[in-house]
Amino acid sequence: METQTLEHSFSTYFNAKPEFIVRAPGRVNLIGEHTDYNDGFVLPMAIDHAVWIALSPRDDAKVRVRSLDLGVDSAFDLLSLTKGEGWLEYIKGIAFQLQKAGYGLKGFDAMMTGDVPRGAGLSSSAAVELATARAFAAVSGFTWDAAQMARISQKAENEWVGVNCGIMDQMASAACEAGYALFLDCRTLEYQHAPLPENTSVVILDTSTRRGLVDSAYNERRSQCEEAARWFGVKALRDVSVEEFEKSSGPSEVVMKRARHIITENARVLEAVKVMKAGDVKRLGELFNASHNSLRDDFEVTNKALNQIVECAQEQPACYGARMTGAGFGGCAVALVQEEDTKEFTNAVSVAYKKKSGLDASVYVCKASEGASVIKG
Ligand code: GLA
């Protein structure tokens with residue numbers, strides 16, 4: 001993204017140069033799927049697709065935002081927030097939760113743009129939320145605490161927008177470092193920056209399928225996991241080891257399948273971090289494959305297109321491993337690929353996927369980017 005375009009549009013629209021430009025990225029999750037709301041472990045990476053906001057403070061409590069991509073202008077008052085519909089709700093939700101947490105906010109004029117594909121499972125909404133939080137921090141002059149801002153953004157999404165997500169997406173967008181994945185303990189929010197394997201590309205494969213009703217399926221998985229935790233007598237499935245699980249029966253077959261995914265996935269994340277540190281990309285790829293199988297067979301959140309694209313990827317000699325990523329039911333897969341053969345890989349997968357499914361994939365070869373930051377001002 002050329003921020004000059006954004007800066008120029010701001011200047012033309014508001015008749016002055018912006019004082020700040022902030023940026024917050026989308027994310028791809030490498031491994032640790034549906035573990036965040038089970039107090040477990042995740043390993044996302046911020047991607048080089050993001051949301052940018054150019055802004056200048058105002059003297060009153062008004063927040064005026066123009067979306068460069070949609071060509072629409074919207075505004076609200078910080079002192080009288082009411083719920084409505086559409087993209088502005090993410091921004092209002094952040095304003096509401098920041099004020100609720102005691103932050104004194106200043107109004108601003110802003111121009112916003114972004115290139116995170118929407119609805120693909122790459123957390124375009126977390127990118128908007130964290131960019132907004134970063135914008136308020138810049139104009140209002142409070143210090144940036146990544147974990148605190150991620151929690152506030154998650155609350156905005158849960159309580160204002162009404163989507164019951166976990167903490168992974170917001171933490172990835174808030175706290176990642178360029179060149180690293182984020183190994184996050186979703187119970188404590190402690191994290192480490194985990195080095196990515198050398199000479200390896202992280203390739204996002206968008207199936208181009210989107211499924212409605214994701215929310216209800218997501219909420220159903222959440223309650224099945226809670227039921228399993230109650231059955232084991234623990235706070236969350238994070239507290240059950242693979243050994244304990246293997247010795248147990250359970251309330252029902254389906255609930256035990258869900259639990260098996262979460263418990264084995266947590267173990268896979270811990271192993272993934274170890275093998276990444278050791279530079280064992282081959283084993284990391286095997287863990288990707290095992291994660292996909294578990295999401296397909298036990299957690300049952302893949303769809304036909306995701307299974308097909310993952311198979312197409314796994315068949316390529318340059319591929320170490322591939323899996324669906326994000327909530328599932330449609331959207332994207334992620335593959336680990338030998339860097340020198342990335343081009344051949346992406347071409348071959350696109351052709352094979354088209355042949356198998358009749359659909360066109362979008363492919364993004366991603367760089368691990370930095371979390372929310374002020375890039376000007
Ligand atoms: C969505 C949610 C996350 C997480 C993933 C599944 O992206 O927003 O909190 O639960 O699904 O891992």
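Residues numbered from 1 in each chain as written. Predicted model: local features only at pLDDT ≥ 70, side-chain atom pairs only at ≥ 80, totals over all residues. Heavy atoms only, no water.

1. As for the overall build of the protein chain
Right, so step 1: The number of helices and strands found in the protein chain is 11 helices and 12 strands.
Right, so step 2: Counting across all 377 residues of the protein chain, residues that qualify as buried make up 56%.
Right, so step 3: Taking the contacts inside the protein chain whose residues are at least 6 apart along the sequence as the reference set, 72% of them involve residues at least 24 apart.
Right, so step 4: Entry remark: accessible area of the protein chain is about 15,400 Å², with carbon and sulfur atoms responsible for 47%.
Right, so step 5: Between the averaged position of the 41 positive side-chain charges in the protein chain and that of its 50 negative side-chain charges there is a distance of 2 Å. (Helix = DSSP H or I, 4+ residues; strand = E, 2+ residues; numbered from the N terminus. Buried < 20%, exposed > 50% of the residue type's maximum accessible area, 1.4 Å probe, protein only. Contact = heavy atoms within 4.5 Å. Areas by Shrake-Rupley, 256 points an atom, 1.4 Å probe, with all protein chains shown as cover. Lys, Arg positive; Asp, Glu negative; His and termini not counted. Charge placed at Lys NZ, Arg CZ, Asp CG, Glu CD.)

2. Re the site of the ligand
Right, so step 1: All residues adjacent to the ligand are R27, E33, H34, D36, Y37, C165, G166, M168, D169, Y218, G326 and A327.
Right, so step 2: Note that an oxygen atom of the ligand is positioned 2.5 Å from one of the side-chain N or O atoms of D36.
Right, so step 3: Measuring from an oxygen atom of the ligand, one finds a side-chain N or O atom of Y218 at 2.6 Å.
Right, so step 4: Protein chains bury 92% of the 310 Å² of accessible surface belonging to the ligand in isolation.
Right, so step 5: Residues that form the shell around the ligand fall into these classes: five nonpolar, three polar and four charged. (Near = heavy atom within 4 Å. Polar contact = N/O pair within 3.5 Å; in protein donor to acceptor, adjacent residues only side chain to side chain. Nonpolar A, V, L, I, M, F, W, Y, C, P; charged D, E, K, R; others polar.)

3. Here's the deal with the environment of V273
Right, so step 1: Tracing the sequence through the fold places V273 in helix 8 (residues 253-278).
Right, so step 2: Sequence separation between V273 and D73 is 200 residues, and the spatial gap between their C-alpha atoms is 44 Å.
Right, so step 3: Setting aside chain neighbours within four positions, we find V273 in contact with L43 and F183.

4. Remarks on the pairing of strand 8 (residues 200-206)
Right, so step 1: Strand 8 sits mainly inside the fold: seven of its seven residues count as buried.
Right, so step 2: Going residue by residue along strand 8, you find T200, V202, I204 and D206 tucked away on one face and S201, V203 and L205 tucked away on the opposite face as well.
Right, so step 3: Here strand 8 runs beside strand 10 (residues 332-338); their pairing, made up of seven bridges, is antiparallel. Considered in strand 10, the bridge of T200 is made with Q338.
Right, so step 4: The pairing of strand 8 with strand 11 (residues 362-366) spans five bridges and is classified as antiparallel. (Pairing = 2+ DSSP bridges.)

5. Regarding the environment of Y353
Right, so step 1: Mapped onto the elements of the fold, Y353 is located in helix 11 (residues 342-357).
Right, so step 2: The class for Y353 is buried, based on a relative accessible area of 0%.
Right, so step 3: Considered as a pair, Y353 and C312 are 41 residues apart in the sequence and their alpha carbons are 6.2 Å apart.
Right, so step 4: Residues in contact with Y353, not counting those within four places in the same chain, are T207, T209, A305, Q308, I309, C312, G358, L359, D360 and A361.
Right, so step 5: One polar contact links the side chain of Y353 to the main-chain carbonyl oxygen of T207, over a distance of 2.8 Å.

6. Let's talk about helix 8
Right, so step 1: In this model, helix 8 (26 residues) spans 37 Å end to end at C-alpha, consistent with the 38 Å of a helix rising 1.5 Å per residue.
Right, so step 2: G279, located one to two residues past helix 8, shows a positive phi value of around 75°. (Expected span 1.5 Å × (residues − 1).)

7. Some points on the pattern of salt bridges
Right, so step 1: Following the criterion strictly, the structure yields 26 salt bridges and no others.
Right, so step 2: Here R58 and D60 are joined by a salt bridge, their closest N and O atoms 2.8 Å apart.
Right, so step 3: Notably, a salt bridge pairs D298 with R260, separated by 2.8 Å at the nearest N-O pair. Of this pair, D298 sits in the loop between helix 9 (281-297) and helix 10 (304-314) while R260 sits in helix 8, and the two are 38 residues apart along the sequence.
Right, so step 4: Residue R260 is classed as partly exposed on the basis of its relative accessible area of 36%.
Right, so step 5: Through salt bridges that share partners, E33, E265, R268 and R323 make up one connected network. (Salt bridge = Lys/Arg side-chain N within 4 Å of Asp/Glu carboxyl O.)

So, to be careful, I would describe these as geometric facts and stop short of saying anything about function.
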